[in-house]
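Take a look at the letters that make up each chain.
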Amino acid sequence: MKSAVETLNPTRVRLTVEVPFEELKDSLDAAYKKINQQVTVKGFRKGKVPARVIDQRFGRGAVLEEAVNDALPKFYTEAVNEAEISPLGQPEVDITELKDGETLNFTAEVDVRPAIEIPDYSGIEVEVDAVEVTDEDVEKSVEQLRERFASTTPVERAAEDGDVVTVDLEAKVDGEVLEDGIAKGVSYTIGSGELLDGIDDAVKGLSAGEEATFTSELKGGSAAGREAEVTVKVTQVAQRELPELDDEFAQLASEFDTLEELKADSRKRLENMKQYDQATQAQERVLDKLLELVEVPVPEKLLEDEINTRKHNLEHHQLAQMGLTLDKYLEIQGKTAEEFETETREAAIKGIKTQFVLDELVKQEKLNVNQEELTEHLMRRAASSGMSPDQFAQAVVEGGQVPLLVGEVARGKALAAVVEKATVKDTNGEIVDLEDEDDENGEDAAEGSAESGTAEEKTEG
C-alpha cells in the first residue's frame, strides 16, 4: 500500500491511497464466505457454494463491493498512521479506481487537529475581585440560617406578607380543569416567589376558608407556558416566628456555644467561598488571555457538531427538566434567536479552542494523570451528577468515557500550570497567591469553557 497526504487547509487533509490487489485477498475471502452464508443455490449445501458460482449468479461486482467495504477502514487507518495525523470525525471517502485483479485507489478527506504553537505565556497578568467579607455579609448569612429555624403558629386573621399559608389550587385552561391542574394542601410563604406569578396578591387579605381567582402563566406540567385561570383557596394562615439571635440560637443551629463563635465561623466560611470564587475567576481570566495569544483554526464540521450538541443539551435536557421551551427561555432571558445563535457559536468556538490549546500544553509540558488524580476527579463528577461514585464509575467504564475523564484532568493540570506562571492581582492591587487552591479549579475552568467540548473527543479517531 502507498499513501500520500495533501494539506487542504490548516484543519483538513486529503489522503491518496493506492492498494495493490493482492492486499485485498483476505477481504475477498471474507466477502465470499459472508455471501455464502446468506444465499441458497440449488445443488449446493449452504455455505459450500464455489466462488465461481457466486460470481456467475450474483456478479463479481457484489463480491468486490463487499470486500472493499471490509478493507477500507484498515487501509484508511494505516494511511492515517503513516501520515502521522490526528483525524477528527469520519472521513469522506471516494474510490477513484477499482480494477479487478489490479488495484484499488481511493482518497479520504478528513478534518484534523491543527498544528498549534504555544508562545511564552509567563507574562500573562490578570485582575480578580478582592476577597472581602463585610459585617453585612455575615449578618445576612446568619439571618438565612435563622430563617431555616423559623417556626409557624396558626392564626385567626387575614394573610399578610411573610405568612405561611396552606392552599388548595385548581388551574383551568380554556375553561377546562387540567388533569394535573389540581393540588391540595400546598404550603406557601407569601412573598417567596416560589409558586405562580400573581398568587401573592391573590392570597393576601384572605382568611382560612376564603378563595380568590387570578390569571397566571403555568411554569410546568401539561400546559406549561399557557395562561391559566387559577382558583386558590386558603385552608390555613400561619405566622412565621424567627428565633432570637442569641447564644441559645447558636447552640440550636450549630455546634457552637455562643453567637459570636457562630458569626466567626460564618465569616470564615464566606471567606473560603470567596477565595474559591477568586481562584475560579483567575483560572477563567488567565485562560482568556492565553487564548488571545494563540492562533487556533477551528474545523467547520467540528464547530457545527459542537453547536448542535450544545443546543440539544440545553433544549432537551436543561430546559426540559424545568418545563421550558427554547422560545420561552429566550423570552425570560430577553434574547433574540439571533443573539442566542451568536452566543452559542462563540461559546462553541471558545470550547474547541480551549481543548486544542490545553491538549497541546499537556503534550508540551509532558503532563501525566495518575490514578489518585483520576479518582478524585471521578468523585467530584459523581457528586455533581447526583450518582454514587460506584454508579458513576460503572457508567464511565461501560460508556468508554475513561479517556474523556483523563483528558479533563490533564487539561485542568495544564491550565493550572499556566496560572502558576501568571501574575494575578486583586482589585486592591495585592498579589494573589493561588498555590493553596486545589487543581479542581483548573479542571472546572477548563470544563466550563469547553462545556460540551466532548463533541471533538467523541469524533476523534
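Figured I'd write up the structure that's included with this text.

Definitions and cut-offs
Residues numbered from 1 in each chain as written. Predicted model: local features only at pLDDT ≥ 70, side-chain atom pairs only at ≥ 80, totals over all residues. Heavy atoms only, no water. Helix = DSSP H or I, 4+ residues; strand = E, 2+ residues; numbered from the N terminus. Rg over C-alpha atoms; globule rule 2.2 N^0.38 Å. Buried < 20%, exposed > 50% of the residue type's maximum accessible area, 1.4 Å probe, protein only. Contact = heavy atoms within 4.5 Å. Areas by Shrake-Rupley, 256 points an atom, 1.4 Å probe, with all protein chains shown as cover. Lys, Arg positive; Asp, Glu negative; His and termini not counted. Charge placed at Lys NZ, Arg CZ, Asp CG, Glu CD. Pairing = 2+ DSSP bridges. Axes fitted to C-alpha atoms, helices over the stretch in contact; angles between N-to-C directions. Salt bridge = Lys/Arg side-chain N within 4 Å of Asp/Glu carboxyl O. Expected span 1.5 Å × (residues − 1). Core = buried A, V, L, I, M, F, W, Y, C linked by side-chain atoms within 4.5 Å. Parallel < 35°, antiparallel > 145°, perpendicular 65-115°, else oblique. Left-handed = near helix turned anticlockwise from the far one by under 90°. Nonpolar A, V, L, I, M, F, W, Y, C, P; charged D, E, K, R; others polar. Patch = residues over 30% accessible without salt bridge, like charges linked within 9 Å, V, L, I, M, F, W, Y side chains within 5 Å.

Looking at the overall build of the protein
The number of helices and strands found in the protein is 15 helices and 11 strands. For the protein, the C-alpha radius of gyration of 32 Å lies well beyond 23 Å, the compact-globule estimate for 461 residues. Structurally, the protein occupies a C-alpha span of about 100 × 65 × 40 Å along its principal axes. Residues classed as buried in the protein amount to 39% of the 461 residues present. Summarising the internal contacts of the protein: among those between residues at least 6 apart in sequence, 70% fall at separations of at least 24. Carbon and sulfur atoms make up 45% of the accessible area of the protein, which totals about 26,300 Å². In the protein, which carries 51 positive and 105 negative side-chain charges, the distance between the mean positions of the two groups comes to 10 Å.

Some details on the pairing of strand S3 (residues 87-99)
Pairing between S3 and strand S4 (residues 103-112): nine bridges, direction antiparallel. Opposite Lys-99, over in S4, you have Thr-103 as the bridge partner. The hairpin turn running from S3 into S4, its antiparallel successor, is three residues long, and Gly-101 in that turn takes a positive phi close to 85 degrees.

Focus on the sheet that holds S3
The sheet built from four strands is open, its strands ordered S1-S2-S4-S3 with antiparallel pairing. Across the chains shown, the open sheet's two edge strands, defined by having one partner strand only, are strand S1 (2-9) and S3. Direction aside, neighbouring strands of the sheet carry axes that sit 20 degrees apart on average. Pairing geometry for S1 and strand S2 (residues 12-20), over seven bridges, is antiparallel. In the strand pairing of S2, Asn-9 is matched with Arg-12.

A closer look at the pattern of salt bridges
All told, the structure shown has 33 salt bridges when counted by the stated rule. For Asp-111, the salt bridge goes to Arg-12, with nearest N and O atoms at 3.0 Å. With a gap of 99 residues between them, Asp-111 in strand S4 and Arg-12 in strand S2 connect regions that are remote in the sequence. Classification of Asp-111 by relative accessible area gives buried; the value is 7%. For Asp-265, the salt bridge goes to Arg-269, with nearest N and O atoms at 2.7 Å. With Asp-265 and Arg-269 both in helix H7 (residues 259-293) and four residues apart, the pair spans about one turn of that helix. Each member of the salt-bridge network shares a partner with another, and the members are Glu-6, Arg-12, Arg-14, Glu-92, Glu-109 and Asp-111.

Considering helix H13 (residues 402-421)
Given 3.6 residues per helical turn, the α-helix brings residues three or four places apart onto the same face. For H13, which comprises 20 residues, the first-to-last C-alpha distance of 30 Å matches the rise-based estimate of 28 Å (1.5 Å per residue) to within 8%. Within H13, 15 of the 20 residues are buried, which leaves the element mostly enclosed by the surrounding structure.

Focus: the nonpolar core
Within the largest apolar cluster, 35 residues are counted, with the highest numbers of intra-cluster contacts made by Ile-124, Leu-290, Val-357 and Leu-361. The element that contributes the greatest number of residues to this core is helix H10 (residues 337-364), accounting for seven residues. Leaving out residues up to four positions away in the same chain, Leu-290 has contacts with Tyr-121, Ile-124, Val-357, Leu-358, Leu-361 and Val-418.

Quick look at unusual backbone geometry
A positive phi is found at Asp-174, a non-glycine position, where the angle reads about 55 degrees. Its location among the elements puts Asp-174 in the loop between strand S7 (164-173) and strand S8 (176-189). The exposure class assigned to Asp-174 is exposed, which follows from its relative accessible area of 68%. Of note, Lys-366 is a non-glycine position whose phi angle comes to about 55 degrees, a positive value. Relative to the assigned elements, Lys-366 resides in the loop between H10 and helix H11 (371-385). For Lys-366, a relative accessible area of 66% translates into the label exposed.

Observations concerning helix H9 (residues 326-333)
For H9, every residue scored as buried is listed here: Leu-326, Lys-328, Tyr-329 and Leu-330. Positive phi shows up at Gly-334, right after H9, with a value of about 70 degrees.

As for the packing of helix H8 (residues 300-321) against H10
Two quantities define a packed helix pair, namely the angle between the helix axes and the distance between the axes. Two elements in contact, H8 and H10, have axes whose closest approach is 9 Å; the angle formed by their N-to-C orientations is 120 degrees. The angle between H8 and H10 falls in the class oblique. As H8 packs across H10, the resulting crossing turns out to be right-handed. Facing H8, whose interface residues are Glu-300, Leu-302, Leu-303, Glu-306, Ile-307, Arg-310, Lys-311 and Leu-314, H10 presents Phe-340, Glu-341, Thr-344, Arg-345, Ala-347, Ala-348, Ile-349, Gly-351, Ile-352 and Phe-356. Looking at the contact of H8 with H10 residue by residue, the classes come out as 10 nonpolar, two polar and six charged.

Some remarks on the pairing of S7
Where burial is concerned, most of S7 is hidden: eight out of the 10 residues are buried. For S7 and S8, the ladder comprises eight bridges, and the chain directions are antiparallel. Residue Leu-169 lies in a different strand from S8, and its bridge partner there is Ala-183. Two successive antiparallel strands, S7 and S8, enclose a turn made up of two residues, where Asp-174 displays a positive phi of approximately 55 degrees. For S7 and strand S10 (residues 227-241), the ladder comprises nine bridges, and the chain directions are antiparallel. Within the sheet, the bridge partner assigned to Val-167 lies in S10 and is Val-234.

Let's talk about the environment of Leu-405
Residue position: Leu-405 is located in helix H13. Once you skip the residues sitting within four places of it in the chain, Leu-405 turns out to touch Leu-374, His-377, Leu-378, Arg-381, Phe-392 and Val-396.

Considering a negative patch on the surface
On the surface, a cluster of negative charge is contributed by Asp-247, Asp-257, Glu-260 and Glu-261. Counting through the fold element by element, Glu-261 comes out in helix H7.

Considering the packing of H11 against helix H12 (residues 389-398)
Running from N to C, H11 and H12 cross one another at 105 degrees; their axes reach a closest spacing of 9 Å. Of the possible angle classes, the one that applies to H11 and H12 is roughly perpendicular. Residues Leu-378, Met-379, Arg-381, Ala-382 and Ser-385 of H11 form the contact with H12, whose participating residues are Pro-389, Phe-392 and Ala-393.

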